[in-house]
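# Survey of secondary and tertiary structure
Listed below, chain by chain, are the residues.
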Amino acid sequence: MAGQGIGRREVLRILGTAAAAAQFPGFSKWGFACGHIGNAALQIKPAVYRPQFFNAAEYAMVERLTEIIIPNDGTPGAKEAGVAEFIDFMVANDPLTQYEFRMGLTWLEAHSEQRAGKRFVELTPEQQTSLLEPLGFKDKARPGEETGRGFFRMMREYTVTGFYTSAIGFKALDNPALKFYAESPECPHKGDPEHLHLPQAGV
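First things first, this report covers the structure right here in the doc. (Residues numbered from 1 in each chain as written. Predicted model: local features only at pLDDT ≥ 70, side-chain atom pairs only at ≥ 80, totals over all residues. Heavy atoms only, no water.)

## Description of the environment of E157
Where we set the bar: Starting at the N terminus, helices and strands are each numbered in turn, a helix being any DSSP run of H or I of at least four residues and a strand any DSSP run of E of at least two.
Within the element layout of this structure, E157 appears in helix α7 (residues 146-164). Residues E157 and I69 lie 88 residues apart in sequence; the distance between their C-alpha atoms is 9.8 Å.

Here it is, written out as C-alpha cells:
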C-alpha cells in the first residue's frame, strides 16, 4: 500500500461507482452531483445512515478524518456532504479495498494509543492534526510510518473524490453546468481571433 497512489483508471472506476452509488437509498447526507438524473434527488432520505462495512468505531474515525481533510471553512465541508457515507458504501462494494482500509484504521488507532495514550477520536483536534501531519506532508514524514502515510493518502483521495462527486462539492466548484441561463452567455474571450466567428451578445 505504501508509496502507491490512485491512478487515472482507478479514479475513473471510482467515478463510475459513484454514479452507481447515486441509486443507493441509504444515504442520509451524501448525494451524487448529478442526482437530478433519474430523479434520485427526489428520493426520501433516511434520518440516520447505517454503515454498510465499517463498525461504529471505524465509521467514527472515517467521518473525523474526512472532516479534517476537507473542513467546514464557512462553507459546507466533507462532514456536511456526507463523505464518510460515500466511503463506507464504496468500500462495502469493493472487496479489493476492504483490507487496506481496515488495516489502515487499525494502524492509526494503534499509533494514536502509542503516541498519545488515547484512541484517535478521543484526541483534541490539535492532537489529531499533530498525529496526521507526518502522514500527510513529505517534509514531516518520519521513518516507520510508511503504512500510515499510504493509508492517509488513500483516505485523502477517497475523501476528495467523495466530496467533489457530491452535490455540495460540485456546487463548491461553481460548475457552470449547475447554472440556469435565460439566454446563452456571450463568449468570455472576445479578443481571441479563433472566437471571432461566434455570435456576439445583442447582435
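## Quick notes on the pattern of salt bridges
Put simply, the rule is: A pairing counts as a salt bridge when a side-chain nitrogen of Lys or Arg comes within 4 Å of a carboxyl oxygen of Asp or Glu. Classification of residues uses two cut-offs on accessible area relative to the type maximum, computed with a 1.4 Å probe and protein chains only: under 20% is buried, over 50% is exposed, and between them is partly exposed.
Scanning the model with the defined rule gives eight salt bridges in all. E58 is paired through a salt bridge with R102; the nearest N and O atoms lie 2.8 Å apart. You can see E58 sitting in helix α2 (residues 56-69) and its partner R102 sitting in helix α5 (residues 95-116), a full 44 residues away along the chain. For E58, a relative accessible area of 9% translates into the label buried. On the accessibility criterion, R102 (31% relative accessible area) is partly exposed. Across the pair R149 and E146 runs a salt bridge whose closest N-O atoms are separated by 3.8 Å. In this pair, R149 and E146 both sit in helix α7, three residues apart, roughly one turn of the helix. The partly exposed category is assigned to E146, whose relative accessible area is 35%. Counted as one network, the salt bridges with shared partners bring together E109, R119 and E122.

## Comments concerning the side chain of S28
Put simply, the test is: The term polar contact refers here to a pair of N or O atoms within 3.5 Å; inside protein, the definition further demands a hydrogen-donor-capable atom paired with an acceptor-capable atom, and it admits residues adjacent in sequence only when both atoms are side-chain atoms. Contact between two residues is taken to exist if any of their heavy atoms lie within 4.5 Å; hydrogens are not considered.
Within the secondary structure layout, S28 lies in the loop between α1 (8-21) and α2. Side-chain polar atoms of S28 contact the side chain of E85, separated by 2.5 Å. Setting aside anything within four residues of it in sequence, one finds S28 in contact with K45, P46, A47, V48, Y49 and E85.

## Digging into the nonpolar core
What counts is decided by this rule: In these notes, a set of buried Ala, Val, Leu, Ile, Met, Phe, Trp, Tyr and Cys residues joined through side-chain atoms within 4.5 Å is what counts as a nonpolar core.
If you look at the biggest cluster of nonpolar residues, it comprises 40 residues, and the most contacted ones within it are F54, L65, I87, F101 and L108. For this core, the secondary-structure elements that each account for two or more residues are α1, α2, α3 (78-81), α4 (83-92), α5, α6 (125-136) and α7. The greatest single-element share of this core, amounting to seven residues, is contributed by α4. Once you skip the residues sitting within four places of it in the chain, F54 turns out to touch Y59, V62, I87, D88, V91, F101, R102 and L105.

## A few points about the packing of aromatic side chains
Describing an aromatic ring pair means giving the distance of the ring centres and the angle of the ring planes. Here is the rule: The aromatic pairing rule takes the rings of Phe, Tyr and Trp, using the six-membered ring of Trp, and pairs them if the centres are within 6.5 Å, calling planes under 30 degrees apart stacked, those over 60 edge-to-face and the rest tilted. By the criterion adopted, a ring carries a charge over it if an Arg CZ or a Lys NZ lies within 6 Å of its centre and within 35 degrees of its normal.
A full pass over the atoms with the stated rule returns 13 aromatic pairs. When the centroid spacing of 6.2 Å and the interplanar angle of 35 degrees are considered together, the rings of W30 and F32 count as tilted. In this structure W30 comes out as buried when scored by relative accessible area, which is 2%. Here F32 falls in the buried class, since its relative accessible area comes to 19%. A connected cluster of aromatic rings, assembled from ring pairs, spans F24, F27, W30, F32, Y49, Y59, F86 and F89. When the ring centre of F137 is taken as reference, the NZ or CZ atom of K140 above it lies at 5.9 Å.

## Focus on the environment of R102
Separated by 44 residues in the primary sequence, R102 and E58 place their C-alpha atoms 8.1 Å from one another. Other than its neighbours up to four places away in sequence, R102 contacts F53, F54, N55 and E58. Separated by 3.3 Å, the side chain of R102 and the backbone oxygen of F53 make a polar contact.

## Re the side chain of E145
With respect to the element layout, E145 can be found in the loop between α6 and α7. Taking relative accessible area as the criterion, E145 reaches 3% and is therefore assigned buried. Here the side chain of E145 touches H111 through a polar contact of 3.3 Å, side chain to side chain. Setting aside residues up to four positions removed in sequence, E145 forms contacts with W107, H111, R115, P134 and L135.

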